[in-house]
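Spelled out, the chains give:
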Amino acid sequence: MLEAFFTPQSVAVIGAARKPGKLGYGVLSNILQYGYSGKVYPINPKAEEILGLKSYPSVLDVPDPVELAIIVIPNKFVPQVMEECGKKGVKGAIIISAGFREAGMEGIKLERQVLDIAKQYGIRIVGPNCLGIISTHTPLNASFAAGMPPKGGIAFMSQSGALCTAILDWALSEEIGFSQFVSLGNKADVDEVDLLQAWEKDENSRVIIVYMEGLKDGQKFMRVAREVTQRTPVVAVKSGNTAAGSRAVSSHTGTLAGSERAYEAAFQQTGVLRANSIEHLFDYSLAFAYQPPLKGRSIAIVTNAGGPGIMATDALERSGMKLATLQPETIETLRQGLPPAANVFNPIDVIGDALTDRYAHALKAALEDKNVDGVIVILTPQVYTQIEETAEVVGRLAAAQDKPVLGSFMGQQKVGPGIKILNRHSIPNYVFPERAVGAFEAMAEFWERGQRPAPQYEHFQVDQETVRQVFDRVRGEGRLALGDAESREIMEAYGLRIPRSILAKNADEAVAAAENIGYPVVMKIASPDILHKSDIGGVRLNIRDADQVRDFFDLLIYRAQRYMADARIWGVLIQEMAARGKEVIIGVNRDPQFGPLLMFGLGGIYVEVLQDVTFRIAPVSRQEATEMIDEIRSYHLLRGVRGEKPADLKAIIDTILRVSQLVTDFPEIVEMDINPLTVYDEGRGAVAVDMRFVLKEKESKQE
Ligand SMILES: Nc1ncnc2c1ncn2[C@@H]1O[C@H](COP(=O)(O)OP(=O)(O)O)[C@@H](O)[C@H]1O
Ligand SMILES: [Mg+2]
């Protein structure tokens, strides 16, 4: 679909300039200099000829068809030029010019205008305000970048143009090969999602890397990324803060959620590997682009120095990778070929005076061992070390089989020539072994995800109609927060267990309610304006008789009024006293980019303090719900410590899934909390003791 950008038959440079130093000159000369073989048309009304090519006053004057237009003219002329491109039948436009969305109100209008024209004619746009595009295999360098990276397997997209130039510089100096290189700029039209879709089908792109600051449509990104990562590794660096929306939050989940959490969850759920720095971004992508897949977590280390071997081992263990247990045959082979002082167990230490032959022997043995999924070759430059010869042999042995091998030739000056040889054999080198381990870990995650079955979303039998009616009623009364009775209706409609409770408007009603429910009871202030009832002493447990009910009724009302004079007070809730159990929280906060952000964690009144919570975007699968439980720090508590019975994890998962279904069915829920969900021992279920729902204002919002 985006062929016009990557493999066009003909290109016009609108705003091609005659003077070196101008962008319009740089773009044209890059196209010519780096071997583009299609037709090239400079467009400039004031020139006859530029860089030896005939120049045309307008794209409409070009006698032949033009597939791609690269626009390098002042912003205010872009709409008109776009119109001409439309008439000419141009398929794609790279707008390098700046002065659009990034430049304030006028720019926003201009960008919209340009986009409208493009839509009308069916032209796709990259940019505006970008550096351009490079397709090394075509080859086409449609950018004003200084240089052209070598051909290779990395497809790179970036929202930041400055980062593009830095990466390019690095690619040139390290001879790192790229397949595609796209500076997205303002993303008026083509964005991350389009490129993921296009590159998934591109044979030359073995790994896709993304530098992003924000997304337009998080849900769509998730849908597409989920598909793409089945086959192609996607590594992302996310930076910058996206607008989290200005809505005041009124739930525990709302307080703890945030755009950062949403991105984290979305990446995890879609299998997008997150790199925490640009350094990691490239560490991972080199391994993906140049080595065969890592099909397990067992790694062998071959080293000529003890210390780095141990560092690598530690890093393996920290990251959830494993030091491979070598087979007895392998150990025997190693013993025969290495001196007695060598360590023949993993990490295999060929010791400081090792020449190439020892490396060859050890690496070959390790690669042949079926317990080994991948190998890291560590080399430190000692007096006799044959750096280049060893690199040569490592390269040859690695190429002869299908397990991944990563280098960690440590140092710079002495090992430099060896690293170049490794690179020529497509073996990425990491100056520190920990970084090689990090790359292997990313590869293992990608592989495991590919083996996992696609998520299955369960559907419970629920009563949507009742929920619909409750929401309509609440909104009809001009409210957004639900009362307890209403919340209970919702919970029951979705099959969730709650303690009995009755709202009392005066002390007599309270006593009647308590007697109806049966002592002991719990009393809680009922007000839509009081979020944390306990904070103001608004919750009393274990109330045993009518006198206490009367006393506390007055006390709770008094406290609420003193706390907030104009709080709306609905009365006091009389509630069945639930048995003690473990308290967890399940909540949802609607994220502006990704939608329902579901939270699970250790609950009760200390959630905000402990912050032991984890997030996913709803809907979630059973597998994802299970992972959420495993992820929190206190999952040991749930599994039972010191002879305790484990908590009913099935009931937690069931609740997570029902909540997930509820908020997916009803996008108008902007916030909800169940806190606590009191969970009992295995087999005894869970009960939602306290909950809260907040609805969205009716269609006030617009993007
Ligand atoms: N019905 C109940 N049975 C037993 N314990 C309860 C009950 N309701 C509340 N609690 C306890 O009181 C704490 C606070 O009550 P809750 O209704 O969650 O109020 P809030 O969160 O507004 O302070 C809960 O975390 C729970 O430990
Ligand atoms: Mg609570």
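Here the structure is shown first, and the text comes after it.
The structure reproduced in this document is the subject of the present report. Sequence order as written defines residue numbering, which begins from 1 separately in each chain. For naming, the first written chain is A and the first written ligand is 1, with later ones following in the order written. Where local features are concerned, this predicted model is filtered to residues with pLDDT of at least 70; where side-chain atom pairs are given and counted, the filter is 80 or more; whole-chain, interface and lining totals use all residues. The basis for every side-chain value is the complete set of non-hydrogen atoms in the structure, without hydrogens or water.

The next subject is the coordination of the magnesium ion (ligand 2). In an ideal octahedron of six donors the angles at the metal are 90 or 180 degrees, and in an ideal tetrahedron of four donors they are 109.5 degrees. Distances decide who is a donor: an N, O or S atom must be within 2.8 Å of the metal, or within 3.2 Å for Na, K and Ca. Water is not included, so sites may look incomplete. The magnesium ion (ligand 2) binds to the protein through Asn 675 (O) and Asp 690 (OD); the donor distances cover 2.2 Å. Of the two residues, Asn 675 sits in strand S27 (residues 669-679) while Asp 690 sits in the loop between strand S28 (686-688) and strand S29 (691-695), which places them 15 residues apart along the sequence. Comment: elements are numbered from the N terminus, with helices defined as DSSP H or I runs of at least four residues and strands as E runs of at least two.

Around ligand 1 sit 17 residues in total, of which Lys 524, Lys 533, Ser 534, Ala 578 and Glu 583 are the nearest. Side-chain atoms alone can form a polar contact between residues adjacent in sequence; in general such a contact is a pair of N or O atoms within 3.5 Å, and within protein one must be able to donate a hydrogen while the other accepts it. Within the backbone of Lys 533, a nitrogen or oxygen atom sits 2.7 Å from an oxygen atom of ligand 1. The fraction of the free accessible surface of ligand 1 (540 Å²) that becomes covered by protein chains is 89%. For the shell around ligand 1, the per-class residue count stands at eight nonpolar, four polar and five charged. We call a residue near a given molecule or strand whenever any one of its heavy atoms falls within 4 Å of it. Surface accessibility in these figures is a Shrake-Rupley result with a 1.4 Å probe; residues are shielded only by whichever protein chains are displayed. Classification used: nonpolar for Ala, Val, Leu, Ile, Met, Phe, Trp, Tyr, Cys and Pro, charged for Asp, Glu, Lys and Arg, polar for all others including Gly.

Classification of ring pairs uses Phe, Tyr and Trp, with its six-membered ring standing for Trp, and accepts pairs whose centres are within 6.5 Å; under 30 degrees between planes counts as stacked, over 60 as edge-to-face, and the remaining range as tilted. Inspection of every chain in the model, using the stated rule, returns 13 aromatic pairs. Considering the side-chain rings of Phe 156 and Phe 178, the 6.4 Å spacing of their centres and the 80° angle between planes classify their relative orientation as edge-to-face. Of the two residues, Phe 156 is situated in strand S10 (residues 151-158) and Phe 178 in strand S11 (residues 178-183); the sequence distance between them amounts to 22 residues. With 4.3 Å between their ring centres and 50° between their planes, Trp 170 and Phe 282 make a pair best called tilted. Taken together, the residues span a long stretch of sequence, with Trp 170 in helix H5 (residues 161-174) and Phe 282 in helix H10 (residues 278-290) at a distance of 112 residues. In this structure Trp 170 comes out as partly exposed when scored by relative accessible area, which is 27%. A network of ring pairs unites the aromatic residues Phe 156, Trp 170, Phe 178, Phe 181 and Phe 282 as a single cluster. Only protein chains enter the area calculation, which uses a 1.4 Å probe; residues under 20% of their type maximum are buried, those over 50% are exposed, and those in between are partly exposed.

Turning next to the sheet that holds strand S12 (residues 207-212). The strands making up a sheet are joined through hydrogen bonds of the backbone, oriented either antiparallel or parallel. Strands qualify as paired when DSSP identifies two bridges or more between them. In spatial order, the strands read S9-S8-S11-S10-S12-S13-S14; together these seven strands make up an open sheet with mixed pairing. With partners counted over all chains shown, the strands left at the sheet margins are strand S9 (140-143) and strand S14 (273-274), one partner each. Strand direction decides the pairing type here: strand S8 (residues 132-135) and S11, joined by three bridges, are antiparallel. Looking at S11, one finds that Ser 135 is bridged to Gln 180.

Whenever a pair of cysteine sulfur atoms sits within 2.5 Å, that pair is classed as a disulfide. Enumeration over the complete set of coordinates arrives at zero disulfides. In this model Cys 130 remains outside any disulfide bridge; the closest cysteine sulfur is found in Cys 164, 8.6 Å from its own. Its relative accessible area of 5% is what places Cys 130 among the buried residues. Given a relative accessible area of 0%, Cys 164 falls into the buried group.

Glancing now at the side chain of Gln 180. Within the secondary structure, Gln 180 sits in strand S11. Among the polar contacts listed, one links the side chain of Gln 180 to the side chain of Ser 135, at a separation of 2.5 Å. Not counting the four nearest positions on each side in its chain, Gln 180 is found in contact with Phe 6, Ile 134, Ser 135, Ile 154, Ala 155, Phe 156, Trp 199, Asp 202 and Ser 205. Here, two residues are considered to be in contact whenever any of their heavy atoms come within 4.5 Å of each other.

Mapped onto the elements, Lys 220 comes out in helix H7 (residues 218-228). Taking the relative accessible area as the measure of exposure, Lys 220 reaches 35% and is therefore partly exposed. C-alpha of Lys 220 to C-alpha of Gln 593: the two residues are 373 residues apart in sequence and 9.7 Å apart in space.

Attention now moves to the nonpolar core. The criterion is simple. A nonpolar core is a set of buried Ala, Val, Leu, Ile, Met, Phe, Trp, Tyr and Cys residues joined through side-chain atoms within 4.5 Å. If you look at the biggest cluster of nonpolar residues, it comprises 59 residues, and the most contacted ones within it are Ile 70 and Ile 94. Here Ile 94 is in contact with Phe 5, Leu 68, Ala 69, Ile 70, Ile 71, Val 126, Cys 130, Gly 132, Ile 133 and Ala 142, once residues within four sequence places are set aside. Ala 275, Ala 312, Ala 436 and Ala 439 belong to the second-largest nonpolar core, a separate cluster that totals 48 residues.

Running from N to C, H7 and helix H9 (residues 259-270) point in directions that differ by 30°, and their axes come no closer than 8 Å. Looking at the two axes, H7 sits roughly parallel to H9. As H7 packs across H9, the resulting crossing turns out to be right-handed. For the pair formed by H7 and H9, the contact residues are Phe 221, Met 222, Ala 225 and Arg 226 on the first element and Ala 266, Phe 267, Gln 269 and Thr 270 on the second. When its residues are assigned to classes, the contact of H7 with H9 shows five nonpolar, two polar and one charged. Geometry is summarised by axes, namely lines fitted to C-alpha atoms with helices restricted to the contacting stretch, and by angles between N-to-C directions that run from 0 to 180 degrees. Should an angle lie under 35 degrees it is considered roughly parallel, over 145 roughly antiparallel, and from 65 to 115 roughly perpendicular; all remaining angles are considered oblique. Note: crossing handedness is left-handed where the near helix turns anticlockwise from the far helix by less than a right angle, and right-handed where it turns clockwise.

With that settled, consider the sheet that holds strand S2 (residues 39-43). Read from one edge of the open sheet, five strands run S2-S1-S5-S6-S7, paired in parallel fashion. Sheet topology places S2 and strand S7 (124-126) at the edges, where each strand pairs with a single neighbour. Each strand of the sheet is rotated relative to its neighbour by a mean of 20°, with strand direction disregarded. The sheet contact formed by strand S5 (residues 68-71) and strand S6 (residues 92-95) spans four bridges and is parallel. Note on S6: the bridge partner recorded for Ile 70 is Ile 94. Its contacts with the sheet place helix H2 (residues 23-33) against strand S1 (10-14), S2 and S5, and it is angled at close to 160° to S1.

So, about empty space enclosed by the protein. Throughout, the protein atoms alone are placed on a 1 Å grid, and a set of points is a cavity if a 1.4 Å probe fits but cannot get out or a pocket if it is open with protein on both sides within 12 Å along at least five of seven lines; lining residues have an atom within 4 Å of a point. Grid points are joined across faces, edges and corners, and a volume is the space filled by probe spheres set on the points. Going through the model one piece at a time under the given rule, you end up with one cavity of 30 Å³ or more. Lining of the largest cavity is provided by 22 residues; of these, Ser 527, Lys 533, Asp 690, Met 691 and Arg 692 occupy positions nearest its centre. At the level of secondary structure, the elements contributing two or more residues to the lining of the largest cavity comprise helix H18 (484-493), strand S21 (521-526), strand S23 (571-576), S27 and S29. At three residues, S21 tops the list of elements feeding residues into the lining of the largest cavity. Residue composition of the lining of the largest cavity, by class: 10 nonpolar, six polar and six charged.

This part is about a negative patch on the surface. Within the patch definition used here, like charges are joined within 9 Å and nonpolar side chains (Val, Leu, Ile, Met, Phe, Trp, Tyr) within 5 Å, considering only residues with over 30% relative accessible area and no salt bridge. The rule for a salt bridge is simple: a side-chain nitrogen of Lys or Arg has to be within 4 Å of a carboxyl oxygen of Asp or Glu. Here the positive residues are Lys and Arg and the negative ones are Asp and Glu; neither His nor the chain ends is included. A single reference atom marks each charge: NZ on Lys, CZ on Arg, CG on Asp, CD on Glu. Taken together, Asp 545, Asp 547, Asp 551 and Asp 554 make up a surface patch of like negative charges. Relative to the elements of secondary structure, Asp 554 occurs in helix H20 (residues 546-563). Among the residues examined, Asp 554 registers a relative accessible area of 51% and is labelled exposed.

Before going further, it helps to spend a moment on the pairing of S23. With five of six residues buried, S23 is to be regarded as a mostly interior element. Pairing between strand S20 (residues 501-504) and S23: four bridges, direction antiparallel. Opposite Leu 503, over in S23, you have Leu 573 as the bridge partner. Where S21 and S23 come together, six bridges link them in antiparallel fashion. Bridged to Lys 524 within S23 is Leu 573.

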